[in-house]
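Results of the structural survey
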Amino acid sequence: MKQYFAAIIEDDPGYTQYLQKSLDRYGQERECTFQVRTFGRAEAFLADSRIIDDMVFMDVDLGEGWMDGLAAARVLRERGSMAVLFFITNMPQYASSGYEVDAIDYCIKPINYNSLSVKLDKAVRVLTQRQGLPVRIKTKDGFRLVSSSDILYIEVKGHDLMFHTAKEVIGSYGGLGDREKELQDREFARCSASALVNLRYVTGLHGDEIMVGGQSLKIGRSRKKEFLVRLNQYLGG
């Protein structure tokens, strides 16, 4: 049975309890389980945040004088978390801000279970698609095996290849072109001669730069057209 890790950040205990019960109900209906952590303040969540969270339910308004959910979500993304993010709010006008932090959807109060279950189906599909290809990385001490879905981007530094994941950077060697061929059937694209990017982790585009896992990468002039086509195809798909 599949298990998911979820965090609920909500200052209303009633809604926190409702979401927990809804996740339990969804798990019974879909034959999965949720390990849930709850927080009343964003500050407490960020002090204890984990990259391993699969889903995060973030209230936008967490009370006057406290960090709001949008600011907390920005910090979360800057740390490299790729958790599926839901905003909880009674103010739908904030929806456009969700694109800044790659929020998958909004839960508008009062939350309806049938609507929430559809959103959870979407989240589960996203998480399922993140299961990737095993990638063997040669290191000076031997080798490492990681999933392609865990790789944010690969870059060339000097004579080395640096594999950036959400948790660590793994140094290796070899040609970036070989890795590009290996991952050509996955959501990877060259943004420059020295960087191969996992498109699912692209969180922003600003002129000739993209944001990937909280890092800014240059788009090479000769690669820009092809890269933007690949990115638009991925987003459209």
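Since we're looking at a predicted model, the values are computed, not measured.

What about the nonpolar core?
One broad trend across soluble globular proteins is that nonpolar side chains are buried collectively. Ranked by size, the top nonpolar core spans 23 residues in total, and within it Phe 34, Met 55, Phe 57, Phe 86 and Leu 120 carry the most contacts. Elements with a minimum of two residues in this core: β1 (2–9), α1 (13–30), β2 (32–39), β3 (55–59), β4 (84–89), β5 (103–108) and α4 (113–129). Sorting elements by how many residues they give to this core places α4 first, with 6 residues. Excluding residues within four positions of it along the chain, Phe 57 makes contact with Ala 6, Ala 7, Ile 8, Ile 9, Leu 19, Leu 23, Phe 86, Ile 88, Leu 116 and Leu 120. Counting residues in each nonpolar core, the second largest holds 20 residues, with Phe 39, Ala 42, Val 56 and Leu 62 among its members.

Observations regarding the pattern of salt bridges
Per the stated rule, a full pass over the model turns up 14 salt bridges. The residue Arg 25 makes a salt bridge to Glu 29 at a minimum N-O spacing of 3.1 Å. Of this pair, Arg 25 and Glu 29 both sit in helix α1, separated by 4 residues, roughly a single helical turn. Judged by its relative accessible area of 41%, Arg 25 falls in the partly exposed class. Notably, a salt bridge pairs Arg 30 with Glu 29, separated by 3.4 Å at the nearest N-O pair. The network of salt bridges with common partners includes Arg 25, Glu 29, Arg 30 and Asp 121.

Comments concerning the packing of aromatic side chains
Two descriptors summarise a pair of aromatic rings, namely the distance from one centre to the other and the angle between the planes of the rings. Evaluated as defined, the whole model comprises 5 aromatic pairs. For the ring pair Tyr 4 and Phe 34, a centre distance of 5.6 Å and an interplane angle of 35 degrees mean the geometry is tilted. Residue Tyr 4 is found in strand β1, and its partner Phe 34 is found in strand β2; the two are separated by 30 residues along the sequence. With relative accessibility at 6%, the residue Tyr 4 sits in the buried group. Where Phe 39 meets Phe 45, the ring centres are 5.5 Å apart and the plane angle is 65 degrees; that geometry is what we call edge-to-face. Accessibility expressed as a relative area gives 13% for Phe 39, which makes it buried.

Parameters at a glance
- Residues numbered from 1 in each chain as written.
- Predicted model: local features only at pLDDT ≥ 70, side-chain atom pairs only at ≥ 80, totals over all residues.
- Heavy atoms only, no water.
- Core = buried A, V, L, I, M, F, W, Y, C linked by side-chain atoms within 4.5 Å.
- Buried < 20%, exposed > 50% of the residue type's maximum accessible area, 1.4 Å probe, protein only.
- Helix = DSSP H or I, 4+ residues; strand = E, 2+ residues; numbered from the N terminus.
- Contact = heavy atoms within 4.5 Å.
- Salt bridge = Lys/Arg side-chain N within 4 Å of Asp/Glu carboxyl O.
- Phe/Tyr/Trp six-rings, centres within 6.5 Å; stacked < 30°, edge-to-face > 60°.

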